[in-house]
Amino acid sequence: MQKANQMHTSKRILVVGSGGREHALAWKLAKDGADVFVAPGNAGTARQATNLPINASDTNAILAAVTEHNIDLVVVGPEAPLVGGLVDALTAAGIRAFGPTAQAAQLEGSKIFCKDVLHTNDIPTATYRQFRSFEQARQFLEDREDEPVVIKADGLAAGKGVFVCGGRDEAIAAVEQLRCDPQFQTAASGILIEERLDGVEVSVIAITDGRTIVTLPPLQDHKAAHDGDQGPNTGGMGAFCPAPFVDDALLAEIEERILVPTIHGMRRRRTPFHGVLYAGLMLTAQGPKVLEYNVRFGDPECQALLVRLESSLVELLDAAVDCRLETLAPPRWNDGASVTVVMASEGYPGPVAKGQPIRGLEQVAALDDVAVFHAATTPASDSPDTVLASGGRVLAVTATGQSLARAKQRAYEGVKEIRWQGAWCRKDIADKGLRHQRELAASEASSAATGMPLPAEGTP
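Numbering of residues starts from 1 in every chain and runs along the sequence as written. Totals for whole chains, interfaces and linings use all residues, but because this is a predicted model, local features are given only for residues with pLDDT of at least 70 and pairs of side-chain atoms are given and counted only at 80 or more. Side-chain measures here rest on the full set of heavy atoms in the structure, leaving out hydrogens and waters.

1. Some remarks on the overall build of the chain
Check the secondary structure of the chain and you find 14 helices and 22 strands. In terms of overall dimensions, the chain has a C-alpha envelope of 60 × 50 × 50 Å along the principal axes. A burial count over the chain gives 57% of its 460 residues as buried. Expressed as a percentage of contacts within the chain between residues at least 6 apart in sequence, the contacts between residues at least 24 apart total 68%. Total accessible area computed for the chain in this model is approximately 19,100 Å², and 49% of it derives from carbon and sulfur atoms. Residues scored as positive are Lys and Arg, those scored as negative are Asp and Glu, and His as well as the terminal groups of each chain are ignored. By convention, the charge on Lys lies at NZ, on Arg at CZ, on Asp at CG and on Glu at CD. Taking the average location of the 44 positive side-chain charges in the chain and that of its 57 negative ones, the two points are 1 Å from each other. The helix and strand labels rest on DSSP assignments: H or I over at least four residues marks a helix, E over at least two residues marks a strand, and numbering proceeds from the N terminus. Type-normalised accessible area, obtained with a 1.4 Å probe on protein chains alone, sets the label of each residue: buried when under 20%, exposed when over 50%, and partly exposed for intermediate values. Throughout, a residue-residue contact means that at least one pair of heavy atoms, one from each residue, lies within 4.5 Å. Using a 1.4 Å probe, the Shrake-Rupley method yields the accessible areas, and only the shown protein chains count as cover for residues.

2. Some details on empty space enclosed by the protein
Here a cavity means grid points, on a 1 Å grid over the protein atoms only, where a 1.4 Å probe fits yet cannot get out; a pocket means an open set of points with protein on both sides within 12 Å along at least five of seven lines; lining residues are those with an atom within 4 Å of a point. Grid points are joined across faces, edges and corners, and a volume is the space filled by probe spheres set on the points. All told, the structure shown has two cavities of 30 Å³ or more when counted by the stated rule. In this structure, the largest cavity occupies an estimated 70 Å³ of space. What lines the largest cavity is a set of 14 residues, and nearest its centre among them are Val 76, Phe 98, Val 276, Arg 296 and Phe 297. Of all elements in the fold, only α1 (20-31), β4 (73-76) and β16 (275-284) reach the threshold of two or more residues within the lining of the largest cavity. When its residues are assigned to classes, the lining of the largest cavity shows nine nonpolar, three polar and two charged. At the level of elements, α10 (301-306) and α11 (313-321) are the ones that each hand at least two residues to the lining of the second largest cavity. Three classes are used, and their members are as follows: Ala, Val, Leu, Ile, Met, Phe, Trp, Tyr, Cys and Pro are nonpolar, Asp, Glu, Lys and Arg are charged, and the others, Gly among them, are polar. For the lining of the second largest cavity, the residue count by class is nine nonpolar, no polar and no charged.

3. Topic: the packing of helix α7 (residues 134-143) against helix α8 (residues 168-180)
To get an axis, a line is fitted to the C-alpha atoms, and for a helix only the part in contact is used. The angle between two axes follows their N-to-C directions and goes from 0 to 180 degrees. Closest axis-to-axis distance for the α7/α8 pair is 10 Å, and the angle between their directions is 175°. Put simply, α7 runs roughly antiparallel to α8. Along its contact with α7, which presents Phe 134, Ala 137, Arg 138, Leu 141 and Glu 142, the element α8 presents Arg 168, Ala 171, Ile 172, Val 175, Glu 176, Leu 178 and Arg 179. For the contact of α7 with α8, a count of residues per class yields seven nonpolar, no polar and five charged. Roughly parallel covers angles under 35 degrees, roughly antiparallel covers those over 145, roughly perpendicular covers 65 to 115, and oblique covers all other angles.

4. Some words on the nonpolar core
Nine residue types can take part in a nonpolar core, namely buried Ala, Val, Leu, Ile, Met, Phe, Trp, Tyr and Cys, and a core is a set of them joined through side-chain atoms within 4.5 Å. Of all hydrophobic cores here, the largest spans 76 residues; its most connected members are Leu 14, Leu 107 and Ile 418. Of the residues forming this core, the biggest block, seven residues, is contributed by helix α9 (residues 248-268). Those residues in contact with Leu 107 that sit more than four places away from it in its chain are Phe 113, Cys 114, Val 117, Thr 262, Met 266, Phe 273, Leu 277, Tyr 293 and Val 295. Among the nonpolar cores identified, the runner-up in size contains 42 residues, and Leu 219, Leu 306, Leu 316 and Leu 317 belong to it.

5. Quick look at the side chain of Asp 318
As for its position among the elements, Asp 318 is in helix α11. On the basis of relative accessible area, Asp 318 is assigned to the buried category, the value being 2%. Reaching out from Asp 318, the side chain makes a polar contact with the side chain of Ser 10 at a distance of 2.6 Å. Excluding residues that lie within four positions of it along the chain, Asp 318 makes contacts with His 8, Thr 9, Ser 10, Leu 73, Arg 96 and Arg 324. As used in this structure description, the phrase polar contact means that two N or O atoms lie within 3.5 Å; if the pair is within protein, one of them must be able to donate a hydrogen and the other to accept it, and residues adjacent in sequence are counted only when both atoms belong to side chains.

6. So, helix α2 (residues 59-68)
Among the residues of α2, Ile 62, Ala 65 and Val 66 are the ones counted as buried. All buried residues of α2 project into a common sector of 105° when viewed along the axis, lining one side. Residues of α2 that are exposed and point over 90 degrees away from its buried face: Asn 60, Thr 67 and Glu 68. It is the directions from the helix axis to the C-beta atoms that the arc portrays.

7. Regarding the sheet that holds strand β5 (residues 97-98)
Being paired, for any two strands, means DSSP has found at least two bridges between them. Taken in spatial order, the five strands line up as β3-β2-β1-β4-β5 in an open sheet, and their pairing is parallel. With one partner strand each, in any of the chains shown, β3 (50-51) and β5 form the two edges of the open sheet. Pairing between β4 and β5: two bridges, direction parallel. Its bridge partner lying in β5, Val 74 is registered against Ala 97.

8. Considerations on the sheet that holds strand β10 (residues 200-208)
Strand order across the open sheet formed by four strands is β11-β10-β16-β17, with antiparallel pairing between neighbours. Of all strands in the sheet, those bounded by a partner on one side alone are β11 (213-215) and β17 (287-294). For this sheet, the mean inter-axis angle between neighbouring strands, taken without regard to orientation, is 35°. Here seven bridges tie β16 to β17, and the two strands are oriented antiparallel to one another. Across the sheet, the residue bridging to Leu 281 is Val 290, located in β17.

9. A closer look at a negative patch on the surface
A contiguous patch of negative charge, built from Glu 145, Asp 146, Asp 169 and Glu 170, is present on the exposed surface. Summarising the element assignment, Asp 169 is placed in helix α8. Note on patches: the residues involved have over 30% relative accessible area and no salt bridge, like charges join within 9 Å, and the nonpolar side chains Val, Leu, Ile, Met, Phe, Trp and Tyr join within 5 Å. Salt bridges are defined by distance alone: a side-chain nitrogen of Lys or Arg within 4 Å of a carboxyl oxygen of Asp or Glu.

10. What to know about helix α13 (residues 404-417)
At 3.6 residues per turn, the α-helix brings residues three or four places apart onto the same side. A helix's residues, less one, multiplied by 1.5 Å, set its expected span. For α13, which comprises 14 residues, the first-to-last C-alpha distance of 21 Å matches the rise-based estimate of 20 Å (1.5 Å per residue) to within 8%. Of the residues making up α13, those classed as buried are Leu 404, Ala 407, Lys 408, Arg 410, Ala 411, Tyr 412, Gly 414 and Val 415.

What follows is the structure, encoded as structure tokens:
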């Protein structure tokens, strides 16, 4: 981290990562006038930036690229290189980097570490028990009452290590899946069993320099694979911004009771936190409670946020790295809303086929207020203008509008233009927000007719 109040204006920026979040970052940074490089990037980032064939976890190659390309600032997108200590290595080499250290990144890298921070600092969260073996976790479930619980693998699991279970049998099956499925072996160094919270789930993302917090507009993510929040958890099937469940008063409460105590608590642990603090929250009848922390922009939340950001992202990130956020004017956002719909390959979140050509990207590019951010794409080797699907979550179709309803309409108009074999998406992104808006309008109309006072808008 740079010395406080030192002024920098980054002209050449390296974004580390290859997903939709990194494409959105590169897109916005380029709009702000920066010369952007992405390592390794995808077929979409190649249209706004210079892709470098470097793995996001190859620290030595990234250090060399910074020197070769005269990079002013490195923005680390994914969680794995953050937990792996990329920011530590960059900082030690005198390179300005946006993101937390490896120790601070344990807020996401270890759910047990996160729970300890929450408990130590009296930050509201679900009650929980932690276990170091599958046998202990299974025995606990067999001995307790048959109640809904949440099972979490301790380490990183690409958004798939959380199981929301309706009862004992589902919970035991989740523990067995963690034990047997190779994708969870590195994540399941420990297991958490939590009470299942009821309420409305929202995401609140903040940028911090360790002293000052800049809170961004609230969002709602859609983690379940299928409509109606059915099916397995994924890395995220869509998002919308702002989330109407969170009014200004509730956002201030979240800052006071959750975000600020977390930053202060991390500093007291001598693991000061700088970068993006992403709070996944449940708005319960007892108030907001933390479900989890991430230590980077969400994907697809980043896409839904950045299309609404009118002020400079370069200035915001520079101020965070230079520890001078308190001197920066608040970010400016457009007055409307945004909706992001993720288009995925057949089989996701399980194994998927790769290499199918994607059609319709040119047609979407001609639509007003619609942007397509690439997540798992690659150019065809024999035809660079042909884009191929190369993973599970392939594209994030993102639209803005004067209203949430209009933004949703525009996003799905974009989706309809795009095709590849096996492509699919959820059809109900933002519906919960629209329903809440209708209910609130009906409540206001009823209150106006009867003269009864309204509850606070953020009350779930």
